[in-house]
Amino acid sequence: MLVGVAFGVLFRSVGDMREANLAERHSVAAENQARLVDNLVLDVETYQRGFVITRQAQFLLPWKIAQGHFPTQAQELVRISTSPAQRALAQRIARDGTSYIRDYSVPVVTMAQRGDPRASSVAVTVDGKRRVDALRALFDRYTTAEGSAVTAREATTDSDARRAGIAAGVGIAASVLLIAAYTGYVTRVIVWPVRRAAHLASRLAEGDLTARMPRTGAREIGQLETAFNTMAGSLESSLEQAQEAHRRLRLLYDAGMAVGTTLDMTRTARELVGVSVPRFADFATVDLAVSVLEGEEPTPAGSTPLRRVAGEGVLDDVPLDPVGALVPSALPLPPNRRSGPTALFVPDLRASSAWQAAHPQEAERLLGYGMNSLIAAPLTEQGMLMGTVAFWRFRASKPFEKEDVADAEELALKAAGAIDNARRYTRERETALTLQRSLLPQRLPAQPAVEVAHRYLPTSTRAGVGGDWLDVIPLSGTRVALVVGDVVGHGVHASAAMGRLRTAVRTLADVDLPPDELLTHLDDLVMHLPGVGEATTGELGATCLYAVYDPVSRRCSLAGAGHPQPFVLAPDGTVTAVTGHAGPPLGVGGLPFETTELELAPGSTLALYSDGLVHSRELDLDHGLDRLRDALVSTARSAGSLDAACDAVMDALLTAPPSDDVALLLARTRALSSDQVVTWDIPVDPEYVARARTLTTERLETWDLEESSFVTELVVSELVTNAIRYGRPPIRLRLIRDTSLICEVSDGSSTAPHMRRARSFDEGGRGLLLVAQLTQRWGTRHGTAGKTIWCEQALPVPGRRW
């Protein structure tokens, strides 16, 4: 109680000191704030006077700053004032200061700005001095009061400190005396008996189970001595049980860590038998249903054969079925098929007539070998049987006991969960692969612009199949679009998103949009597609590279949306990386895409790829790009086919199973010769339509395509007439002869034609219908200045007579 009173006085003194110090800091802060507000008033008065006297504008800026800060700082002074009297004085300072600025300083400056001589008159100056002196007097009263408060609080703090020192000295002295007395008592009554107990406990821990404590104490110490002797007596009988429980717990722990490290069912089964032999059994086998191994749903017990997938034992010559063999189930079928199978426990195989009757041939062989005990546990998940695991002991080994059945079932339960996960992964991967194969192009279309070869390799990791894709899309005018894209993520959702994006790209490509406009439309589309435009959430995102090559002009236009830029392999073997703006990924929105223009020599090879080819956890992106460049240089030296080049690049860069999907598209450019393309400028004159037909007929005769003259003349006549009548100059007619005959008419108008059905008495509306009926396909594409209407005709088959 004495120590408590002393320390109570100490704590109260310390609290008073803290409150005094806090009040002193508040007073100092209020005094400093008052000086700051006083300085603001002086600044207003000083810079106002300087402007009035000199009329120089350089005084106005600090004057405005000072009067702008005054209200805020004055309110802060009111807030931190330490007493109601000081707060009232601070409010008066704020009110008088504001009145001085608003009613005196601002009008005086305004008069000075207008050149009014009253601004520097004696009356105005005396009024200003009176107002400032009154404010300064208020500030002096405020700071004087705060200074007196600080002095008083310092004196209070000194008094509290002296009182705290006295209380602390008394408390410490009393504490030392009490601690010394209590220490002697504890040492004699508690410490010495506990030390004796600790010494005997050490002997007990070292294996001396005869250690006992003499009965010398009373109350708690006597209870300790009795408890110690009781524990020593029972420890010997429980030691063996504890060791056995530890062994079982360690077995289950190791099984939880070792079983199911991969999503491979066979390997999981091997891990189970590996952790069980020889710690739990002499021999162990795992049999799985054939449907489970194929990734299908488990079937009811007894309705599907089992295949042995793992087996291990302490000896190699065990007479059990080998791995890979079809085996009957070792479990008895339950009477109610709706309930799952239960574990089979045969503690003594020789004494079990039921087991021998169920397995007559196997029983004789196994009993002759020395097997003496069996536990067969079901591998079940959601009540469905996936397989069985059998544990055997033989010869001198201790037979299984009833407690071992729980361990066997726990091992089977851990393995069943891992096997079911692997089965689901196998099924999902096969589903994703099937979906992906159905969405990817089965074969690339034939077209005259480029020679192509491609490779696609899905990832082999547990993440599942990704969403990479590639495509080759024939366009009008013998042009071709090359596409490589990547949907971030794996599994069925990524494959489905990839299919939607590929369909969208093909749909937009049919409109003949430039690459940057196509990606802009695709970006807007992705933002509205569920499950694709979610890159900001970290789940899914998409990148794409879209390139268009024209074999007539030998120019390639490409734009990217967050996708790696391609490489160009020139005919002389040099490899250059395309430099251009990569653009944001699809789904970000609001950012532009840029088109990069390339002029490619005939025989150049464009290498488009996904980032899985050049980037992984083990491969830095820059290093991967350098390796891809070196691989392309090596393929150029070998001068093989594009298919061989694809294989060489994949072999060079993928030295291990890829951690992400890999897509590679090689396109070797072709160029149309000058005698395959002809272009004419068409004057805006209806009489020149006949001339256009004549030029077309002459060119078809040069190309030995007289059989196509009639149809081509009609098509040219309709398209040129429409361009002259509805379009704007310049008007051009172009014929291209390659795998088909292409007719193109361009004009400067951006209005797209639409095919309609003409009524009986309509004079127009039949031209495009006629073109559509006479040609294989037709369409419109827009350029930077105007549009082009094109149509394709099949070349006549040599020797065919119509």
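Look a little higher up for the structure.
Bear in mind the structure is a predicted one, so any value in this text is a computation, not a measurement.

J.: What am I meant to see in the environment of threonine 156 here?
T.: With respect to the helices, strands and loops of the structure, threonine 156 is situated in helix H4 (residues 122-205). The exposure class of threonine 156 is partly exposed, given its relative accessible area of 40%. Through-space distance from the C-alpha of threonine 156 to that of asparagine 21 is 9.4 Å; in sequence the pair is 135 residues apart.

J.: What is the right way to read the nonpolar core from this model?
T.: Nonpolar side chains in soluble globular proteins tend to end up buried together. The biggest cluster of nonpolar side chains holds 36 residues, and the ones touching the most others in it are Phe280, Val286, Leu379, Val389, Phe391 and Leu411. Sorting the residues of this core by element identifies helix H5 (219-258), helix H6 (265-276), strand S1 (283-289), strand S2 (306-313), strand S5 (371-381), strand S6 (384-394) and helix H10 (402-439) as the ones contributing at least two each. Looking at this core, the element that brings in the most residues is H10, giving eight residues. Leu40, Phe59, Ala66 and Ala94 belong to the second largest nonpolar core, which has 35 residues in total.

J.: Sorry if this is basic, but what is going on with the layout of surface pockets here?
T.: To find leftover empty space, a probe the size of one water molecule is rolled over the atoms. Reported here for the largest pocket is a volume of approximately 920 Å³. Together, 33 residues line the largest pocket, and Arg479, Arg781, His782, Gly783 and Thr784 are the ones closest to its centre. Going through the elements one at a time, helix H12 (515-528), strand S10 (542-550), strand S11 (555-561), strand S18 (731-737), strand S19 (740-747), strand S20 (777-782) and strand S21 (787-794) are the ones with two or more residues in the lining of the largest pocket.

J.: What is the right way to read the sheet that holds S2 from this model?
T.: Hydrogen bonds along the backbone pair up the strands of a sheet, which may run parallel or antiparallel. One open sheet accounts for six strands, arranged S3-S2-S1-S6-S5-S4; its pairing is antiparallel. In this open sheet, the two edge strands, each paired with only one partner strand, are strand S3 (326-327) and strand S4 (344-346). Taken together, the seven bridges between S1 and S2 define a ladder with antiparallel strand orientation. From the neighbouring strand, alanine 284 faces S2, where its bridge partner is glutamate 312. Where H6 meets the sheet, its contacts fall on S1, S2 and S6, and the angle it forms with S2 comes to roughly 35 degrees.

J.: What's the story with a negative patch on the surface in this structure? I'm lost.
T.: Residues Glu698, Glu701, Asp704, Glu706 and Glu707 make up a contiguous surface patch of negative charge. Considering the arrangement of structural elements, one finds glutamate 701 in helix H15 (residues 688-702). Judged by its relative accessible area of 42%, glutamate 701 falls in the partly exposed class.

J.: Any chance you could explain the state of the cysteines here in plain terms?
T.: One way to say it: the disulfide is the covalent bond shared by the sulfur atoms of two cysteines. Applying the stated criterion across every chain yields a total of zero disulfides. Free of any disulfide, cysteine 791 has its nearest cysteine sulfur in cysteine 743, 4.7 Å distant. You can call cysteine 791 buried: its relative accessible area is 0%.

J.: Any chance you could explain the pattern of salt bridges here in plain terms?
T.: Opposite charge on two side chains permits them to pair, given that their charged atoms come into close proximity. Under the defined criterion, the tally for this structure stands at 33 salt bridges. A salt bridge links aspartate 471 to arginine 502; its shortest N-O distance comes to 2.9 Å. Note that aspartate 471 is positioned in strand S8 (residues 467-474) and arginine 502 in helix H11 (residues 492-510), a separation of 31 residues in sequence. Taken as a pair, aspartate 471 and arginine 502 share a single burial class, namely buried. With its nearest N and O atoms 3.1 Å apart, the salt bridge here joins glutamate 792 to arginine 777. Of this pair, glutamate 792 sits in strand S21 while arginine 777 sits in strand S20; the two residues are 15 residues apart in sequence, bridging distant segments of the chain. One continuous salt-bridge network, built from bridges that share partners, spans Asp127, Arg130 and Arg131.

J.: In this structure, what is going on with the sheet that holds strand S12 (residues 567-569)? I would like to understand it.
T.: In spatial order, the strands read S7-S16-S15-S12-S13; together these five strands make up an open sheet with antiparallel pairing. Whereas interior strands pair on both sides, the edge strands pair on one side only; in this sheet they are strand S7 (450-457) and strand S13 (575-577). Each neighbouring strand pair of the sheet contributes to a mean axis angle of 20 degrees, computed without reference to strand direction. Pairing between S7 and strand S16 (residues 662-669): eight bridges, direction antiparallel. If you follow valine 450 over to S16, its bridge partner there is threonine 669. Most of the contacts of helix H13 (residues 621-638) go to S12, to which it runs at about 20 degrees, and overall it touches S12, S13, strand S15 (605-609) and S16. Strands S7, S15 and S16 of the sheet are contacted by helix H14 (residues 642-653), whose axis makes an angle of about 35 degrees with S7.

Analysis parameters
- Residues numbered from 1 in each chain as written.
- Predicted model: local features only at pLDDT ≥ 70, side-chain atom pairs only at ≥ 80, totals over all residues.
- Heavy atoms only, no water.
- Helix = DSSP H or I, 4+ residues; strand = E, 2+ residues; numbered from the N terminus.
- Buried < 20%, exposed > 50% of the residue type's maximum accessible area, 1.4 Å probe, protein only.
- Core = buried A, V, L, I, M, F, W, Y, C linked by side-chain atoms within 4.5 Å.
- 1 Å grid on protein atoms, 1.4 Å probe; cavity = no way out; pocket = protein on both sides within 12 Å on 5 of 7 lines; lining within 4 Å.
- Points joined across faces, edges and corners; volume = space filled by probe spheres on them.
- Pairing = 2+ DSSP bridges.
- Contact = heavy atoms within 4.5 Å.
- Axes fitted to C-alpha atoms, helices over the stretch in contact; angles between N-to-C directions.
- Patch = residues over 30% accessible without salt bridge, like charges linked within 9 Å, V, L, I, M, F, W, Y side chains within 5 Å.
- Areas by Shrake-Rupley, 256 points an atom, 1.4 Å probe, with all protein chains shown as cover.
- Salt bridge = Lys/Arg side-chain N within 4 Å of Asp/Glu carboxyl O.
- Lys, Arg positive; Asp, Glu negative; His and termini not counted.
- Charge placed at Lys NZ, Arg CZ, Asp CG, Glu CD.
- Disulfide = S-S within 2.5 Å.

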